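The primary structure of each chain is shown beneath.
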Amino acid sequence: MRLTALFLAASVTLAAHASPQDTVKPYTPEQVAPGTWVITGPVEEPSVKNQGFMNNPAWIIAGDQVIVIDPGSSVQAGRMVVKAIQKTTRLPVTTVYNTHVHGDHWLGNQAILDAWPKAVLIAHPDMIAKAKAGEAESWVRLMSSVTQGYTEGTRAEIPTIATTDGMVSKIGTRSFKIYSSNDAHSKTDIMIEVDNGVLFTGDNVINHAVRRMDDGTFTGNIKAIDRALALPIKVVVPGHGNTGGPAIMQAQRDFFQTLFDAVKVEYDAGKSDFEMKPVVVGKLAAFKQWDGFDAAVGKQISLAVLEIEQQ
Ligand SMILES: [Zn+2]
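Let me begin by describing the structure that accompanies this report. (Residues numbered from 1 in each chain as written. Predicted model: local features only at pLDDT ≥ 70, side-chain atom pairs only at ≥ 80, totals over all residues. Heavy atoms only, no water.)

### Focus: helix α5 (residues 218-229)
Here comes step 1: The end-to-end C-alpha distance of α5 is 16 Å, a good match for the 16 Å that 12 residues give at a rise of 1.5 Å each.
Here comes step 2: Elements that come into contact with the buried residues of α5 comprise β10 (190-194), β11 (198-206), α6 (247-268) and α8 (293-310).
Here comes step 3: Of the residues flanking the start of α5, the one acting as N-cap is Thr 217, its side-chain oxygen 2.9 Å from the backbone nitrogen of Gly 220. (Helix = DSSP H or I, 4+ residues; strand = E, 2+ residues; numbered from the N terminus. Expected span 1.5 Å × (residues − 1). Contact = heavy atoms within 4.5 Å. Polar contact = N/O pair within 3.5 Å; in protein donor to acceptor, adjacent residues only side chain to side chain.)

Structure representation (structure tokens):
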């Protein structure tokens, strides 16, 4: 009797814990330009605390429809984004751009399709290829593991339409121009320029935070930022961190260039990545307050060394 009661209690607790979660906690969207909304996610790594949500989902209201960029890291994050969109407009989402293959940006696609089944999903051709080749599934697993199962039920809805560099799409009353590259943050990156002076950079620009560069190159990322800096842009929405002006692109460029140049000097002097770290970190003093600096800078120095060796 007692054992049965215990067993029942245990299975009830287990069921409550394992039941699929509906949505991440709500965030308030901010209008960064007319008809252009951004939810600024926490500048953190995905965790139990933030329910895996930490990117910057955005949407643009263009005449009779809505265009979404990067609807979050899970179906639960995507549902939160859908609710936020519906608070700003009753118009349907027709189009979703995903900036790159990293799942923290696009596993919310599922929730968009649940709400608007006809929406089309667009990305870099290599994003689509890599997602299909296994990255999608590893990101689904990674998100579940870092949130201790919170994102369970998330399914990878991989984009079906490939875009190309320079492509301009008129969608509703707005036009969207693509700047794509194959050697920047993830080698699958697109940046999206809207004709209202807003640029969505994906993770080619992260505002005041140091994040993984394992899948990209410093030189390619700098090149991508240089193209963006030449555009007549007023508002820059980065992949993570606060929206700002072109200065946030310049800051990201300065960080990468300072790091890369410092590593090159030490490399040419015959130093190993371990030996050069104190000198390189010293030259990066202006960026020491950036989120994740201490955790990521050593890895970035090693990656820069590898990139210099390959040049
Ligand atoms: Zn990201």
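### Some thoughts on the environment of Ile 308
Here comes step 1: Mapped onto the fold, Ile 308 is located in helix α8.
Here comes step 2: Note: C-alpha distance between Ile 308 and Thr 258 (50 residues apart in sequence) is 14 Å.
Here comes step 3: Setting aside its immediate chain neighbours within four residues, Ile 308 contacts Phe 260, Val 263, Lys 264 and Tyr 267.

### Considerations on the sheet that holds strand β4 (residues 65-69)
Here comes step 1: One open sheet holds the seven strands; their spatial order is β1-β2-β3-β4-β5-β6-β7, and the pairing between them is mixed. Every interior strand has two partners, whereas the edge strands, β1 (30-33) and β7 (161-162), have only one.
Here comes step 2: Across the face of the sheet, helix α2 (residues 75-88) comes into contact with β2 (36-38), β3 (58-62), β4 and β5 (93-97) while running at roughly 30° to β3. (Pairing = 2+ DSSP bridges. Axes fitted to C-alpha atoms, helices over the stretch in contact; angles between N-to-C directions.)

### Looking at the layout of surface pockets
Here comes step 1: Estimates place the volume of the largest pocket at around 340 Å³.
Here comes step 2: Along its surface, the largest pocket is lined by 23 residues, and Glu 45, Pro 46, Trp 139, Arg 211 and Arg 212 are the ones closest to its centre.
Here comes step 3: Counting only elements with at least two residues in the lining of the largest pocket, the list comes to α4 (125-146), β11 and α8.
Here comes step 4: Sorting elements by how many residues they give to the lining of the largest pocket places α8 first, with four residues.
Here comes step 5: Of the residues contributing to the lining of the largest pocket, the split by class is 10 nonpolar, five polar and eight charged. (1 Å grid on protein atoms, 1.4 Å probe; cavity = no way out; pocket = protein on both sides within 12 Å on 5 of 7 lines; lining within 4 Å. Points joined across faces, edges and corners; volume = space filled by probe spheres on them. Nonpolar A, V, L, I, M, F, W, Y, C, P; charged D, E, K, R; others polar.)

### A closer look at the coordination of the zinc ion
Here comes step 1: Around the zinc ion, the donor atoms from the protein are Asp 104 (OD), His 105 (NE2), Asp 203 (OD) and His 240 (NE2), and they sit 2.0 to 2.5 Å away.
Here comes step 2: One can describe the site at the zinc ion as irregular: its four donor atoms subtend angles covering 91 to 166° at the metal.
Here comes step 3: Within one chain, the residues donating to the zinc ion are spaced in sequence as D-H-x97-D-x36-H. Note that Asp 203 is positioned in strand β11 and His 240 in strand β12 (residues 235-240), a separation of 37 residues in sequence. (Donors = N, O, S within 2.8 Å, 3.2 Å for Na, K, Ca; no water. Tetrahedral: all angles 85-135°; square planar, octahedral: opposite > 155°, others 65-115°.)

### Observations concerning the sheet that holds β12
Here comes step 1: Taken in spatial order, the five strands of this open sheet run β8-β9-β10-β11-β12, and their pairing is mixed. Sheet topology places β8 (168-171) and β12 at the edges, where each strand pairs with a single neighbour. Mean inter-strand twist for the sheet, computed between neighbouring axes without regard to direction, equals 25°.
Here comes step 2: Of the strand pairs in this sheet, β10 and β11 are connected by three bridges, and their pairing is antiparallel. From the neighbouring strand, Val 194 faces β11, where its bridge partner is Val 198.
Here comes step 3: Docked against the sheet, α5 engages β9 (174-180), β10 and β11, running at close to 165° with respect to β11.
Here comes step 4: Contacting β11 and β12, α6 runs over the sheet at an angle of about 20° to β11.

### Quick look at the pattern of salt bridges
Here comes step 1: Following the criterion strictly, the structure yields 15 salt bridges and no others.
Here comes step 2: With a shortest N-O distance of 3.9 Å, Asp 22 and Arg 79 are connected by a salt bridge. Residue Asp 22 is found in the loop between α1 (2-18) and β1, and its partner Arg 79 is found in helix α2; the two are separated by 57 residues along the sequence.
Here comes step 3: Close ionic contact of Arg 211 with Glu 45 constitutes a salt bridge, the shortest N to O distance being 3.7 Å. Of the two residues, Arg 211 sits in the loop between β11 and α5 while Glu 45 sits in the loop between β2 and β3, which places them 166 residues apart along the sequence.
Here comes step 4: What you see here is one network of salt bridges that share partners, running through Asp 22, Arg 79 and Lys 83. (Salt bridge = Lys/Arg side-chain N within 4 Å of Asp/Glu carboxyl O.)

### Thoughts on the environment of Ala 131
Here comes step 1: By the secondary structure assignment, Ala 131 is in helix α4.
Here comes step 2: Relative accessible area serves as the criterion here: at 3%, Ala 131 is assigned to the buried category.
Here comes step 3: Setting aside residues no more than four positions away along its own chain, Ala 131 makes contact with Val 101, Trp 106, Ala 136 and Ile 158. (Buried < 20%, exposed > 50% of the residue type's maximum accessible area, 1.4 Å probe, protein only.)

### Here we look at the packing of aromatic side chains
Here comes step 1: In this structure the tally under the stated criterion is eight aromatic pairs.
Here comes step 2: Plain terms: the ring middles of Phe 287 and Trp 290 are 5.1 Å apart, the flat faces sit at 85° to each other, and that makes the pair edge-to-face.
Here comes step 3: Its relative accessible area of 6% is what places Trp 290 among the buried residues. (Phe/Tyr/Trp six-rings, centres within 6.5 Å; stacked < 30°, edge-to-face > 60°.)

Worth remembering: the numbers are spatial, not functional.
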